[in-house]
Every structure is written in C-alpha cells, then in structure tokens.
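Reading the structure
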Amino acid sequence: MRLQFSSHEKVMGTSMKMGEQTSPYPVLATLLEGDDRKIRAILRVFHLSVSKDIQAMEQAAARGQWFVVLRLAHRISIGCRQIGEESMAEELISQVVSAIECARTCAATGPSDFMHQFRYARDRLVQVLDCAAAYAAVDELDSVA
C-alpha cells in the first residue's frame, strides 16, 4: 500500500518585513540555528520514518495488535514533537487511544472500527507529512513504496 500525498503548496511563509522568509518549522530552525540544510535533512528522515510507521500501524491494527499500534503512535508523536508539531502529537495519541478503545469493544469488527475512528487523525498526519515533504523537497523516490 502506498501513502498518497497531495501537492505541496504551503512550504515557506513570508513575513511582513520586506519579503523576508520565515521557516514553517521555527522549533527546528531555532534548535539548528537556521541551518536550512539540516532542517531539510531532519524533515526527510521524519517523512520517511512516519510514512513507514503509519503503514506498520495500519497493518498492526488489521491484526488487532493494539500494543504495537499504541507503541507506533507514540513513536510518531515523538517525531511530531521534535519538528514542532505539538498539536498533531497530542491529537494523534488521543485519537489512537480512542480508536483502540472502540476497536477492543468488538473483537469481530475491531480493525475496521479502529480505521474508521483513526481516519481523521491519519488525514491530519498526512497533511503534516505533506508540508514536511514539500519543505524538505522530498520527491517520489523518497516516498514509501
């Protein structure tokens, strides 16, 4: 299965001071002293690892391996926090825990219940990946097959 990422339009923000460019990743920019090359490298790693983790999480959910799902959600959440996506990190954990609780109530439909509950958080997470991919200039060859 391949994650589908949309076109990448919102990459750089423009501040009001004479067209000066600002990073959409101020946490990384501060931490890395504005080194754009390093920021892009970290975002590429984030994109690749989170793309793989989403797929692994969906596969684990299909098998009803809820501990694995939760472990992967926490790993993705940590990655989100590292690039300054605090709200996504919190939303992801909240949605995954809720989806697992829903899925565990009915063993017969658990995996499909999980995917239904997880859909919104997944869509938002893919938006975060799209922005990271656009900023880091991730091309199709860098994406997960």
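Summary of the structure given here. Computed from a prediction, not measured in an experiment: that's the story for all the values here.

1. Considerations on the nonpolar core
Considering soluble globular proteins, one finds that nonpolar side chains tend to be buried as a cluster. With 38 residues, the main nonpolar core has Leu43, Val69, Val96 and Phe114 as its most contacted residues. Only helix H1 (26-31), helix H2 (36-62), helix H3 (66-82), helix H4 (86-104) and helix H5 (110-136) provide two or more residues apiece to this core. With 10 residues, the top contributor of residues to this core is H5. Leave out the neighbours within four places in its chain, and Leu43 touches Tyr25, Leu28, Ile83, Ala132, Tyr135 and Ala136.

2. Description of the pattern of salt bridges
A full pass over the atoms with the stated rule returns 5 salt bridges. For the salt bridge of Asp36 with Arg40, the shortest nitrogen-to-oxygen distance reads 2.6 Å. Residue Asp36 and its partner Arg40 are both found in helix H2; the two are separated by 4 residues, about one turn of the helix. Given the relative accessible area of 29%, Asp36 is considered partly exposed. In this structure, Asp53 and Arg75 form a salt bridge, with 2.8 Å as the shortest nitrogen-oxygen distance. Residue Asp53 is found in helix H2, and its partner Arg75 is found in helix H3; the two are separated by 22 residues along the sequence.

3. A word on the layout of surface pockets
Space inside the largest pocket adds up to approximately 170 Å³. Surrounding the largest pocket, 13 residues form its lining, Val45, Phe46, Ser49, Gly79 and Gln82 being those nearest its centre. Within the residue set of the lining of the largest pocket, elements represented by two or more residues are H1, H2 and H3. A per-element tally of the lining of the largest pocket places H2 first, with 6 residues.

4. Some words on H2
Given a rise of 1.5 Å per residue, 27 residues ought to cover 39 Å, and the 39 Å separating the end C-alpha atoms of H2 matches this to within 8%. Residue Asp35 occupies the N-cap position of H2, its side-chain oxygen lying 3.1 Å from the main-chain nitrogen of Arg37. Among the residues trailing H2, Gly64 stands out with phi positive, at a value near 75°.

5. Section: H4
In this model H4 runs 27 Å from its N-terminal to its C-terminal C-alpha over 19 residues, within 8% of the 27 Å that 1.5 Å per residue would give. For H4, the complete set of buried residues consists of Met88, Ala89, Glu91, Leu92, Ile93, Val96, Ala99, Ile100 and Ala103.

6. Comments concerning the environment of Asp36
Counting along the chain gives 99 residues from Asp36 to Tyr135, while the straight-line C-alpha distance between them is 9.7 Å. Engagement of the side chain of Asp36 in a polar contact is seen with the side chain of Tyr135, the distance being 2.4 Å.

7. A closer look at the environment of Arg71
The residue Arg71 is located in helix H3 in this model. The spacing of Arg71 and Met57 is 14 residues in sequence and 8.8 Å in space, taken between C-alpha atoms.

What counts and what doesn't
Once a new chain begins, its residue numbering starts again from 1 and follows that chain's sequence as written. Since the coordinates come from a predicted model, pLDDT governs what is reported: local features require at least 70, and pairs of side-chain atoms require 80 or more to be given and counted, while whole-chain, interface and lining totals use all residues. Each side-chain value is derived from all of the structure's non-hydrogen atoms; neither hydrogens nor water enter the calculation. Each nonpolar core is a collection of buried residues, namely Ala, Val, Leu, Ile, Met, Phe, Trp, Tyr and Cys, held together in the definition by side-chain atoms within 4.5 Å. Accessibility here uses a 1.4 Å probe with only protein chains present; expressed as a share of the type maximum, an area under 20% marks a residue as buried, one over 50% as exposed, and anything in between as partly exposed. We count a stretch as a helix when DSSP gives it H or I for four or more residues in a row; a strand needs E for two or more, and each element gets its number in order from the N terminus. Two residues form a contact once any of their heavy atoms are found within 4.5 Å. We define a salt bridge as a side-chain nitrogen of Lys or Arg found within 4 Å of a carboxyl oxygen belonging to Asp or Glu. For each structure, a 1 Å grid was placed over the protein atoms alone; sets of points admitting a 1.4 Å probe that cannot get out are labelled cavities, open sets with protein on both sides within 12 Å along at least five of seven lines are labelled pockets, and lining residues have an atom within 4 Å of a point. Grid points are joined across faces, edges and corners, and a volume is the space filled by probe spheres set on the points. Residue count minus one, scaled by 1.5 Å, sets the expected span of a helix. As used in this structure description, the phrase polar contact means that two N or O atoms lie within 3.5 Å; if the pair is within protein, one of them must be able to donate a hydrogen and the other to accept it, and residues adjacent in sequence are counted only when both atoms belong to side chains.

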